[in-house]
Amino acid sequence: GCAGRGRARHVGEGSAAAMCQAQEEYGGCDQPQRRPRVSCAQKCMKCKEASPVLVIRVGDAFCKACFREYFVHKFRAMLGKNRAIYPGEKVLLALSGGPASSSMLRQVQEGLSRETAKKLRFIPGIIYVDEGAVCGQSLAEREETLLQMETILQASGFPYHLAHLEEVFDLPSSILQRAPHSPAGPENSYKEAVEGFICQQRREEGGSPSLPERRIQEKLAELSMREAPGTEGLAAPGARLLGAVRTEQLVQLFGSVKTLTAKEELLQTLRNHLILHTARAQGYSKVMMGDSCTRLAVKLLTNLSLGRGASLAVDTGFSDDRHGDVVVVRPMREYSAKEIAFYNHLFGVPTVFTPALDTKALEKASIHRVIERFLFGLQAEFPSTVSTVYRTGEKLSTAPGDADPATGAAEPQHCLLCLCALDTNVEDGSALQAILVSEQLSQQRLPAASPAGRGCCPGAEEQRGCCMNTTAPGADARADFLPLLCYGCRLTIKDTTCLESLPLYVRSEAERRKCRAAMKLEIQEFLLEDEAVNPGES
Amino acid sequence: CTSGLRACFPSPKMAAPVSLLVEFGGGAELLFDGIKKHQVTLPCQPEPWDIRNLLKWIKQNLLKERPELFIQGDTVRPGILVLINDADWELMGELDYKLQDQDNVVFISTLHGG
């Protein structure tokens, strides 16, 4: 029972005491399955012969060889089941140096090198984004990390791209526009595509260069493209770090974000834009991200807390097609963090640890941190926690977007930053309406409370967003900006004090959409109605 | 003994000194001055060395900062994996595993940002 667990910790903090008490109270009743005791004396559950080396899920003990087979098979089954990647397709692997993406790279290498008919057949490239400036790393530390990463990147034999987060300041605003979807063929065309590819390969084997040579050619072609704007200076490690100006801009941007939660969200958004840009520029139609099951479970609950419930399916599902032409896939989503860590340790997968934004942060420093601690804490006692969250997330699917009542457009608007469908129609009785009302009510009191000279909004007209900025023009810009964002991104921007420090591509796209919306409003009455508009609309 | 070294003579009442290779990974090494591998020799003591005692010893002798990021109560913080001789500590008895000389104990953090 719980009381007899022997956890006689010296309880100092009040919360720990409460937790201890709660455990004792629940000691007698029905509780979710606790971790069963598995011992080394048992045999591997698969081969029943060898001694197990690890326990995964709830009490499944595997020996080293069976674990390797299980791990490798799961990757290919994941790709095969989803049929998302066509043979010959160019796929960009997003490598962070962390355990999951490093493991993913290894699985791609394993899969491509197989001799059998089951070998993977796409053309990989790798991207690594250096975020050292944001995470408080010195130039020397960033150089060191890059050197370590380059060793791994070069050893892979795949073409790779080293990007610095500073490059977001040179992105085009087309990044924020949804590109037309590449039409996906019907189901059976996947099989035909594979067969066709195999035939073509056999024919090619005679004359054209072999795969390794082709890779070198591609790499040289890529090197000669390095003069493209935004990529110059990548030649030597010293010159690699772009002008101090860009770094300073980046530091200033993140410095103007008040909460760690918002910083984390902004970092992810900018990183995704940069990866997308590289994918588009270099002709990759797919991007592989190394999110593990554990990480996605944390992300799911975190996003719920951040008001991103509407986009849970694309944020945590296997494939994410919000950008239209480039699809993001998550082939590691069924691996727990433990499985990945063990695989990497047992089979020598190189990783490079880089401190993140929240490294050594306090426990409750951000929502991400709080949720992670919550889930990991539960998982330690109840090993089916993460998979339960994950399975629930799997059941989510994207619903077709509702028509936008504001503009009457048949297609829903998309968030400026995260490109998800806007979820901010303020309908009667909706939670959003309640939030906005209480915001307005609380702001009405503010001019009275704030000291003279700091109150930003003397009159009662500009309620929304006015207390965030101390200057009137700033308040206007913010009030124009927020409606272009989904609820979750609004929260991130609300925590950003200086909108001017956002990269140009964000601000110019915002301006463009605002002008377009204003123009559309002006000519609204002259527009002919679409036949496709719902009959219920007036 | 003239050199001043403390000699430890194993007797039925005392456990022999235990030499271990303790490793940290996944970002946990940040709490140990960034050093991943530590060759340690645990001193003689009446009780046999187990993981529980090892953790206390690590907290007192190796941990440089923020103990709460590594240890919670008498066990490791949730999210930190423990491997004993390349095997899951769950198979070895976790905190109760009795350490042997020349064992290899690895702590890997699976938390975001270490």
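Parameters and conventions
- Residues numbered from 1 in each chain as written.
- Chains lettered and ligands numbered in written order.
- Predicted model: local features only at pLDDT ≥ 70, side-chain atom pairs only at ≥ 80, totals over all residues.
- Heavy atoms only, no water.
- Helix = DSSP H or I, 4+ residues; strand = E, 2+ residues; numbered from the N terminus.
- Buried < 20%, exposed > 50% of the residue type's maximum accessible area, 1.4 Å probe, protein only.
- Areas by Shrake-Rupley, 256 points an atom, 1.4 Å probe, with all protein chains shown as cover.
- Axes fitted to C-alpha atoms, helices over the stretch in contact; angles between N-to-C directions.
- Parallel < 35°, antiparallel > 145°, perpendicular 65-115°, else oblique.
- Left-handed = near helix turned anticlockwise from the far one by under 90°.
- Contact = heavy atoms within 4.5 Å.
- Nonpolar A, V, L, I, M, F, W, Y, C, P; charged D, E, K, R; others polar.
- Pairing = 2+ DSSP bridges.
- Right-handed = clockwise from strand over helix to strand, strands pointing away.
- Buried area = accessible area lost by both parts, 1.4 Å probe.
- Salt bridge = Lys/Arg side-chain N within 4 Å of Asp/Glu carboxyl O.
- Polar contact = N/O pair within 3.5 Å; in protein donor to acceptor, adjacent residues only side chain to side chain.
- pLDDT = per-residue confidence, 0-100.
- Patch = residues over 30% accessible without salt bridge, like charges linked within 9 Å, V, L, I, M, F, W, Y side chains within 5 Å.

A. Seen up close, the overall build of chain A. On a plain count of helices and strands, chain A comes out with 19 helices and 8 strands. Buried residues in chain A amount to 45% of all 538 residues. Of the accessible surface of chain A, which amounts to about 27400 Å², a share of 56% is contributed by carbon and sulfur atoms.

B. Spotlight on the packing of helix α10 (residues 293-305) of chain A against helix α13 (residues 367-381) of chain A. All names here are of chain A. Between α10 and α13, whose axes approach to 9 Å, the crossing angle comes to 130 degrees. As judged from the angle between their axes, α10 and α13 are oblique. Note on packing geometry: the crossing formed by α10 with α13 is right-handed. On the side of α10, the interface is formed by Thr 294, Ala 297, Val 298, Leu 301, Thr 302 and Ser 305, while α13 contributes Ile 367, His 368, Ile 371, Glu 372, Leu 375 and Phe 376. When grouped by side-chain class, the residues that make up the contact of α10 with α13 number 7 nonpolar, 4 polar and 1 charged.

C. Here's a closer look at the pairing of strand β4 (residues 123-130) of chain A. All names here are of chain A. Burial analysis of β4 places 7 of its 8 residues in the buried class, which makes it a mostly covered element. Relative to β4, strand β3 (residues 90-95) runs parallel, the two sharing 6 bridges. Residue pairing across strands places Leu 92 opposite Gly 125, the latter belonging to β4. With 5 bridges connecting them, β4 and strand β5 (residues 160-164) associate as parallel partners. Bridge pairing in β5 places Tyr 128 opposite Leu 162. Between β4 and its parallel partner β5, the chain crosses via helix α4 (residues 139-156), and the hand of that crossover is right-handed.

D. Quick peek at the interface of chain B and chain A. Residue-level contacts link 29 residues of chain B with 33 residues of chain A. If you sort the residues of chain B by the area they bury against chain A, Glu 90, Leu 91 and His 112 of chain B come out on top, with a joint share of 26%. The interface formed by chain B and chain A holds 3 salt bridges in total. Glu 90 of chain B serves as the salt-bridge partner of Lys 338 of chain A, at 3.0 Å between the closest nitrogen and oxygen. There are 10 residue pairs in polar contact (both at pLDDT 80 or more) connecting chain B and chain A. Going through the elements one at a time, β5 (80-84), β6 (87-88) and β7 (103-109) of chain B are the ones with two or more residues in the side of chain B that touches chain A. Looking at the side of chain B that touches chain A residue by residue, the classes come out as 11 nonpolar, 10 polar and 8 charged.

E. Fine view of unusual backbone geometry. Here the phi dihedral of Lys 48 of chain A falls at roughly 60 degrees; this positive angle occurs in a residue that is not glycine. For Lys 48 of chain A, the location among the structural elements is in the loop between α1 (14-25) and β1 (54-56). Phi is positive for Glu 94 of chain B, which is not a glycine, with a value near 50 degrees. On the secondary structure map, Glu 94 of chain B appears in the loop between β6 and β7. Assessed through its relative accessible area of 11%, Glu 94 of chain B is described here as buried.

F. Here's a closer look at helix α18 (residues 487-494) of chain A. Burial analysis of α18 of chain A places 7 of its 8 residues in the buried class, which makes it a mostly covered element. Considered for burial, the residues of α18 of chain A that qualify are Tyr 487, Gly 488, Cys 489, Arg 490, Thr 492, Ile 493 and Lys 494 of chain A.

G. View of the sheet that holds β7 of chain B. Strand order in the open sheet formed by 5 strands is β2-β1-β7-β5-β6 (chain B), and the pairing between neighbours is mixed. With one partner strand each, in any of the chains shown, β2 (37-42) and β6 of chain B form the two edges of the open sheet. Note: strand β1 (residues 18-25) of chain B against β7 of chain B, 6 bridges, orientation parallel. Across the sheet, residue Gly 25 of chain B finds its bridge partner in β7 of chain B, namely Ile 108 of chain B. Helix α12 (residues 337-346) of chain A rests against β5, β6 and β7 of chain B of the sheet, and its axis sits at about 40 degrees to β5 of chain B. Its contacts with the sheet place helix α1 (residues 51-61) of chain B against β1, β2, β5 and β7 of chain B, and it is angled at close to 110 degrees to β2 of chain B.

H. Region of the structure containing the confidence of the model for chain B. Residues of chain B with pLDDT of at least 70 account for 87%, and the chain-wide mean is 86. For this predicted complex, the interface confidence reaches an ipTM of 0.88, while the overall pTM sits at 0.78.

I. The side chain of His 161 of chain A, seen in detail. By the element assignment, His 161 of chain A lies in strand β5. A distance of 3.3 Å separates the side chain of His 161 of chain A from the side chain of Tyr 284 of chain A, its partner in a polar contact.

J. How the structure looks around the pairing of β7 of chain B. Residues and elements named next belong to chain B. Burial within β7 is extensive, with 7 of its 7 residues counted as buried. Where burial is concerned, the two faces of β7 agree: the one with Asp 103, Val 105, Phe 107 and Ser 109 and the one with Asn 104, Val 106 and Ile 108 are both buried. Bridge analysis of β5 against β7 gives 5 bridges, and the strand direction is antiparallel. Looking at the pairing, Val 82 lines up with Phe 107 of β7.

K. Structural detail: a nonpolar patch on the surface. A cluster of nonpolar side chains, Met 519, Ile 523, Phe 526 and Leu 527 of chain A, forms an exposed patch at the surface whose accessible area comes to about 410 Å². Mapping Ile 523 of chain A onto the fold places it in helix α19 (residues 504-523).

L. Geometry of the packing of helix α2 (residues 64-82) of chain A against helix α3 (residues 99-113) of chain A. Residues and elements named next belong to chain A. With their axes 10 Å apart at the nearest point, α2 and α3 run at an angle of 85 degrees to one another. By the criterion of interaxial angle, the relationship of α2 to α3 is roughly perpendicular. Contacts between α2 and α3 involve Arg 68, Phe 71, Val 72 and Phe 75 on the former and, on the latter, Ser 103, Met 104, Gln 107, Val 108 and Glu 110. Across the contact of α2 with α3, the residue classes tally to 5 nonpolar, 2 polar and 2 charged.

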